[in-house]
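A look at the structure
The lines below spell out each chain.
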Amino acid sequence: MSKRTLDGNAIGGLLLELFGADLTAAPCACDGCGAREEVARLDVYADCPGVVVRCRHCGDVLITIVRGRTRTYVDLRGTRGLEL
Amino acid sequence: MRTLELEAAGWSEHRAGQHLDVRLTAEDGYQAQRSYSIASAPGEPPAITVERLEDGEVSPYLVDEVRDGDAFEVRGPIGGYFVWDADEAGPVLLVGGGSGIVPLMAMARHRVRAGSEAPMRLLYSSRTWNDVIYRDELESLDAVEVVHTLTRERPPGWNGYGRRIDDDLLREVAFAPTDGARVYVCGSTRFVDAAADGLVRLGYDPSSVRTERFGATG
């Protein structure tokens, strides 16, 4: 595991830019283990190409965000849902 | 280490504990972006305290070069999780390591400015006495009980804590888990995990321990 693990607080600005809302306090459910945590409490790896958000309990990937030249690709397959 | 007070057009009032993103753009279009916790209380202009990191891309500019009147891009305020509002009456425990003090300082200042009666205690881990950020202000802060621990070097005659935060130290300093305190822990990943896990072992509900991990990305 990378030593540069951050948490979901660190991507608050990015999520605000993409979704127009502050998602750090939004509960997010892991599709792998079902654990439900606020986005701020998820593990974030930001020193890879793009951003990878993992469940702090089972380590499954919940969200990936990759910025392309003209658009941004957000993969939410690992989440069962976000509550806003 | 330098504190910068920002004049941000269109800034909406921040909450204590929030951060902002600073984006610098070079002449060739290269961009570098970093997050900084807001140190000032809500209602005051946003201020950030920046630690200069060798080899950093953004912090050397903010610490050494930026002058009054210079402009750069700021996004924020950001964050709805690691925040404390003065109308919450229960006790508050702040646990900070190194520059993790910054958002906690905003909470302490918020408590003073808003005239809150919430009991507030700060446990602050620094390497040496000289590394203590906001030292003079913390010394004069009557509204907040401040407990220091110095992990690397202690001044002569030091009678405070002199070790990294461990379960015994937390047991001595923290409110009893039954007091219903809200807890805010900020620092490096290792610091945050040690403090938060220790508090949960003491009996704190994990959901009452709010955490923010700092990455040293300069």
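Remember, it's a predicted structure, so these values are computed and weren't measured experimentally.

Right, let's get into the overall build of chain A. Helix and strand content of chain A: one helix and eight strands. Helices and strands appear in chain A in the N-to-C order β-α-β-β-β-β-β-β-β. Its C-alpha atoms give chain A a radius of gyration of 12 Å, near enough to 12 Å, the size a compact globule of 84 residues would have. If you line up chain A on its principal axes, its C-alpha atoms span 35 × 30 × 20 Å.

Below, the discussion takes up the domain arrangement of chain B. All names here are of chain B. For chain B, the assigned domains are domain 1 (2-78) and domain 2 (92-214). Taking only C-alpha atoms, the centre of domain 1 and the centre of domain 2 are 24 Å apart. Taken together, the contact between domain 1 and domain 2 spans 12 residues of the former and 11 residues of the latter.

Residue and element names in this part refer to chain B. Taken in spatial order, the five strands line up as β8-β7-β6-β9-β10 in an open sheet, and their pairing is parallel. With one partner strand each, in any of the chains shown, β8 (145-150) and β10 (209-214) form the two edges of the open sheet. Adjacent strand axes in the sheet meet at a mean angle of 10 degrees, parallel and antiparallel pairs treated alike. In this sheet, β8 lies alongside strand β7 (residues 120-126) in parallel orientation, the contact comprising six bridges. Residue pairing across strands places S126 opposite L150, the latter belonging to β8. Along the sheet face, helix α2 (residues 101-114) touches β6 (92-97), β7, β9 (182-188) and β10 and points at about 155 degrees away from the line of β7.

So, about the pairing of strand β2 (residues 19-25) of chain B. Residue and element names in this part refer to chain B. Relative to strand β3 (residues 31-37), β2 runs antiparallel, the two sharing seven bridges. Paired with R23 across the strands is Q33, a residue of β3. Counting the residues in the hairpin turn of β2 and β3 gives five residues, including G29, whose phi is positive at 95 degrees. Of the strand pairs in this sheet, β2 and strand β5 (residues 73-78) are connected by four bridges, and their pairing is antiparallel. For D21, the partnering residue across the bridge sits in β5 and is R75.

Another point: the interface of chain B and chain A. Tallying the contact residues gives 14 residues for chain B and 15 residues for chain A. Elements that contribute at least two residues to the side of chain B that touches chain A include exactly β5 and β10 of chain B. In terms of residue class, the side of chain B that touches chain A is built from three nonpolar, seven polar and four charged.

This part takes up the nonpolar core. Proteins that are soluble and globular tend to have nonpolar side chains buried together. Residue and element names in this part refer to chain B. Core analysis: the largest hydrophobic core is formed by 69 residues, its most contacted members being L94, L104, V183, Y184, V185 and A195. Here the element with the most residues in this core is α2; it accounts for seven residues. Both domains that furnish three or more residues to this core are identified here as domain 1 (2-78) and domain 2 (92-214).

This paragraph deals with the environment of V44 of chain A. Residue and element names in this part refer to chain A. Mapping V44 onto the fold places it in strand β4 (residues 43-48). Spatially, the C-alpha atoms of V44 and D75 are 14 Å apart, while their sequence positions differ by 31 residues. Leave out the neighbours within four places in its chain, and V44 touches L6, D7, G8, A10, I11, V51 and V53.

To continue, consider α2 of chain B. All names here are of chain B. Taking 1.5 Å as the rise per residue, α2 with 14 residues should run 20 Å; its terminal C-alpha atoms sit 20 Å apart, in good agreement. Burial analysis of α2 places 11 of its 14 residues in the buried class, which makes it a mostly covered element. The complete set of buried residues in α2 reads I101, V102, P103, L104, M105, A106, M107, A108, R109, H110 and R111.

Criteria and cut-off values
- Residues numbered from 1 in each chain as written.
- Chains lettered and ligands numbered in written order.
- Predicted model: local features only at pLDDT ≥ 70, side-chain atom pairs only at ≥ 80, totals over all residues.
- Helix = DSSP H or I, 4+ residues; strand = E, 2+ residues; numbered from the N terminus.
- Rg over C-alpha atoms; globule rule 2.2 N^0.38 Å.
- Domains from an automatic or database assignment.
- Contact = placed C-beta atoms within 7 Å.
- Pairing = 2+ DSSP bridges.
- Axes fitted to C-alpha atoms, helices over the stretch in contact; angles between N-to-C directions.
- Nonpolar A, V, L, I, M, F, W, Y, C, P; charged D, E, K, R; others polar.
- Core = buried A, V, L, I, M, F, W, Y, C linked by C-beta atoms within 7 Å.
- Buried ≥ 20, exposed ≤ 12 C-beta atoms within 10 Å, placed from the backbone.
- Expected span 1.5 Å × (residues − 1).

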